[in-house]
Amino acid sequence: MIPLRLDIEGLYSYKEKQSINFTQLTAAGLFGIFGAVGSGKSSILEAILLALYGSTERLSDRGEKNSMLNLQSEALLISFEFRSGKNNTQTYLARYSAKRNPKNFEDVKPAEHTFYKKSGEQLEPISERAEEILGMKKEHFKQTVIIPQGKFREFIDLTPGPRAEMMKELFGLERFDLSAKTGSLLKITREEKIRLETQLQGLEDIQEELLKSKEDLLKATQEEILRQKNALDAAEALFKKQELLQEKHQAWKNYQAEWEKLEIQRPEFENKKSEWKDFLKAKTYLKPVWEQLKDQQAEAEKNRVSIIDCSRFKETYETEIKADEKELQELKEKASQKSAREAKIRDLQKVIEIKLLETQRETLEKRKETLEPAVNTRKKSIQQLQQEIQSLEQKLENMEVPDHNLLAEWKSAFKDWQQEEDLIRKKQQDLSEVKQKTVLLEEKRKSLKAILPNSFDDFLSAIEATKKQKQDLETEKEKLQEKAGLAAHVHLLQEGEACPLCGSPEHPAPLQGERESQLLIAKQEEIKKLEKHQEQLQSQSQQDRELGIHLDNFQQQQKKLVDELEQSKNKLDFLKQQLTLQGIPSKDALAEKISESDSVFRKKEEGLLQLKHVRAKWEKERLHLEEEENKLRHAEQELIAIQSKALSKKEEINDPAFCQPFYTKEARTIHETIQKVETDIQTTADKLEGKLKVLEETRHKAATNLANLKTYEQNLEANLNKIKELEFQFEKLKVEHGFPDQEALIALFHHSLDADKVDAEIRQFEDRSLVVKTKIQELESMEGLQTFSEEAFRKVTEALEECKAAYSESQKTQALLAQEIRTVQSQLKEKKELQGRLAQVENRESNLKELERLFKGSGFVKYVSSIYLKELCHTANMRFMKLTKNSLSLDIDDNNTFWVIDYLNGGKKRLLKTLSGGQTFQASLCLALALAEKVKALNQADQSFFFLDEGFGALDKNALRVVFETLKSLRHENRIVGIISHVEELQQEIGVYAKVELDAERGSLVGYSF
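Just so we're clear, the structure is a prediction, and the values are computed from it rather than from any experiment.

Chemist: It is not clear to me how the overall build of the chain should be interpreted in this structure. Could you clarify?
Modeler: Within the chain one finds 22 helices and 16 strands. For the chain, the proportion of its 1010 residues judged to be buried stands at 34%. Residue pairs at least 24 apart in sequence account for 76% of intrachain contacts in the chain once pairs closer than 6 positions are excluded. Element-wise, carbon and sulfur atoms account for 50% of the exposed surface of the chain, whose accessible area totals about 63200 Å².

Chemist: Looking at this structure, how should I read the environment of L262?
Modeler: In this structure, L262 sits in helix 8 (residues 208-335). Taking the C-alpha atoms as reference points, L262 and E766, 504 residues apart in sequence, are found 9.3 Å from one another. Not counting the four nearest positions on each side in its chain, L262 is found in contact with F765, R768, S769 and V772.

Chemist: Can you walk me through the packing of helix 9 (residues 338-397) against helix 15 (residues 667-736) in this structure?
Modeler: The geometry of a pair of packed helices is captured by two quantities: the angle between their axes and the separation between those axes. Remark: helix 9 packs on helix 15, axes separated minimally by 10 Å, with the N-to-C direction vectors making an angle of 160°. What the angle tells us is that helix 9 and helix 15 run roughly antiparallel. By crossing handedness, the relation of helix 9 to helix 15 is classed as left-handed. Residues K338, R341, E342, I345, L348, Q349, V351, I352 and K355 of helix 9 form the contact with helix 15, whose own contacting residues are A667, I670, H671, T673, I674, V677, E678, D680 and I681. Residue classes in the contact of helix 9 with helix 15 are distributed as 9 nonpolar, 3 polar and 6 charged.

Chemist: Would you mind showing me how to read the sheet that holds strand 16 (residues 1003-1008) here?
Modeler: Remark on secondary structure: sheet strands pair via backbone hydrogen bonds, oriented parallel or antiparallel. The strand order across the open sheet built from 6 strands is 9-13-14-3-15-16, with neighbouring strands paired in mixed fashion. Two strands close off the open sheet at either side, each with one partner strand: strand 9 (146-147) and strand 16. Pairing of strand 3 (residues 30-35) with strand 14 (residues 975-981) involves 5 bridges; the strand directions are parallel. Bridge pairing in strand 14 links L30 to V977.

Chemist: Hey, could you run me through the pattern of salt bridges in this one?
Modeler: Side chains carrying opposite charge are able to pair once their charged atoms draw close together. Overall, the coordinates contain 28 salt bridges when judged by the stated rule. The closest approach of N and O atoms between D233 and K229, which form a salt bridge, is 3.1 Å. Residue D233 and its partner K229 are located together in helix 8, separated by 4 residues, close to a single helical turn. Residue classification places D233 among the partly exposed positions, given a relative accessible area of 33%. Three or more residues are tied together by salt bridges with common partners; here these are R190, K193 and E845.

Chemist: Explain the side chain of K427 to me, please; I cannot follow it from the model alone.
Modeler: The residue K427 is located in helix 10 (residues 404-449) in this model. If we skip the residues at most four places from it in the chain, K427 touches L561, E564 and L565.

Criteria and thresholds
Residues numbered from 1 in each chain as written. Predicted model: local features only at pLDDT ≥ 70, side-chain atom pairs only at ≥ 80, totals over all residues. Heavy atoms only, no water. Helix = DSSP H or I, 4+ residues; strand = E, 2+ residues; numbered from the N terminus. Buried < 20%, exposed > 50% of the residue type's maximum accessible area, 1.4 Å probe, protein only. Contact = heavy atoms within 4.5 Å. Areas by Shrake-Rupley, 256 points an atom, 1.4 Å probe, with all protein chains shown as cover. Axes fitted to C-alpha atoms, helices over the stretch in contact; angles between N-to-C directions. Parallel < 35°, antiparallel > 145°, perpendicular 65-115°, else oblique. Left-handed = near helix turned anticlockwise from the far one by under 90°. Nonpolar A, V, L, I, M, F, W, Y, C, P; charged D, E, K, R; others polar. Pairing = 2+ DSSP bridges. Salt bridge = Lys/Arg side-chain N within 4 Å of Asp/Glu carboxyl O.

Don't take any of this as a statement about function, it's just geometry.
Structure below.
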């Protein structure tokens, strides 16, 4: 993981948004983040952990997250951009945000925690969390990449069990935990063995002799089938011959019956044929002439009716034309008066406009009379406001105001005084609480050690003794398990027969299986009790170590609080001395001075505010005055324009005498008069135009009617002539085709006979008669048809069915025998394969039992974990020996416990806990760097990042110099190292760094050395 940018807002002391650009910092290889105690340096690492894993190092995830928000901020926002993945080629953005509940300051809403992946210039949301992106949990991340304050030596302080578990999770050593897989395979193998044995038991009766007997029986059956097949072929040939005769005989009988039916229908078809011929002659020769005659008679009748109608319409049209011509003449005379009437309308419209101008003139005169007094009143008000402004300005000039800078110093001093007093009270309270917690922890530790057995001074020796005792019991248990395994074969021993295990024919003292089983159960119970006792001792040992660490922390806090309390008291005394020199002996006197100065400033501010208010009022009145004066001038100008316009309109009237009576009338009455005249003019014009159209249409209709009358008279004469010709032609055709009776002929015209259908029926009858007669003659000439017998055919059929049944039964017998032979062959093959597979499974079971014993209890994983820890220790020693000038080196035993080899004392071993604070720091640094190096190789990264938040206060100048040189050398290993510290020597040595300062108003601010 390589950091690129971190934005912090609203976290702890970070009130304003601050951005840490890691790009230039990491480019140096070694950089620092420096600042005073409490400035917010460690909060940078807290922000990174919060952005990645959603939790911080200082506060728990439940109930304390509201305390991480800045007390003057409503929201918390952290954005962390970084590179990760193989060779750190992928860019990600982690975002964490939370807001306070606006109704409850102490309540913080659930945070939003999201991750994005950068694709080009776009950010795409992803579902993966930090564990998947970085490939490690938060606890491992804090021990290999970013080590928070106070957590530097956590890896050394881990007990062997958790340390091995960490190596297992960090490096994926669970892949070496093969116990469960081996047990699962052994179980599957045993189940497979039982299954194979069961299958072989079902095949005990399958032998080669059984197959030989089945094959002999099959050969005899095949010979019998050949004989039956010959008999079946002869029977089928006879049956087919008789079956053909049966079909022909039945067909001959059917044709005989059909011929009899056809002879019965023949007279009916002869009558149909005669009627069909008469219908065709009438329809072809006579009916067309008769239909033409009827059409001409109907047409003549239509022409007679049309002549009568046209004669009546002729008289009606002559009367209508005379009436329309008279009404048209009257409308023309009335339309000639249109111009004179329109001139009077224009004069009346001007009268309306004059009356409207008179109304506007009266309105403007009233408006002018209203505006003049308002303008005068507004001018007097402005004069009064000007006098008030001059009075306020004179009063403010005469007012004396104290110095702003001095007042600001007094307020700052009062705030500092109050803060120091609050801080002293808080430190005293915190000191009292720490002392109480220290006493409580000491009592807890004493009570915890009181549980130890009397023969032990510490938990470690008690745990080692318990382990030794457990190992002894495990050895005894294994021996009992071996005896129990041998006891399982005791029932196989027979006097005088060889032992299946040792081959001896004598069995003087066989094992008692029941007794061995009881002893084995007892040993297992003892082991369980010891394991429970060991877990209890380890838990108590862990509690003792944790209490010791907490006790050290509280003692350090107590010392720190005493120093800080003394510093706060000194600051307060110095502040009091400074104020006494200014003539301010007490806090109350300082508050009084501030209050008096604030009162003077308030009075001046009130005066300025009042002056501003009066000036605003004066400006408002001035604007109103300008607006009202403009309105007055505009009204006067409009009044003059309206009077001139009214005079001009009166001069434009053509008939003043006609318009004079209308000046006294209302405009609405004049409008109605104008509307009435305009309507009458338009109505006259419309009627005139309409009457012209009606007269023209009537004349056109009359002319058309006369033309139609002549046409109908001519058509009637032509119809009568055509009727005479057709009657003569029809009589001639009746005689020619032999139809003397006209009524019968007419009935034949109306007959609904379908000629085509009747013709088809007649043809079909004649064709079928010929076919049936021919078929009967052909069948009667066939040999054996007359002598055919149904009884003889039935006997032949029965003989054939018997042959088929016998042949089918023999085939079934053959098929069954063949299937049985294939089954026996398959079973013999399967039996041979099962026997081979059973031998393989038994061999595999034996091997898996041996593996199960080897992998039992995660022993192999612990062994691999120990190898990784030893390799880690070897890598750390490369730096640790250099830091200690080859006087010390690290070692780890088989129980994963760290030791120190002291070369100044003959290379003897001692516990890592015996090192001094500075030496422990050096050891922790070397192990952390070695662990980070292994993680770098594991993640296939070309660069790695290591961030350390540690004070370095436990090191002297020489050790500090050596550590610094070690950190600088990491740049040659393509490693980026960041340090958070307040030690000035490091700040002087590291050229690239970020500086964090705490501002009283703005919170933590970040600056850079470049």
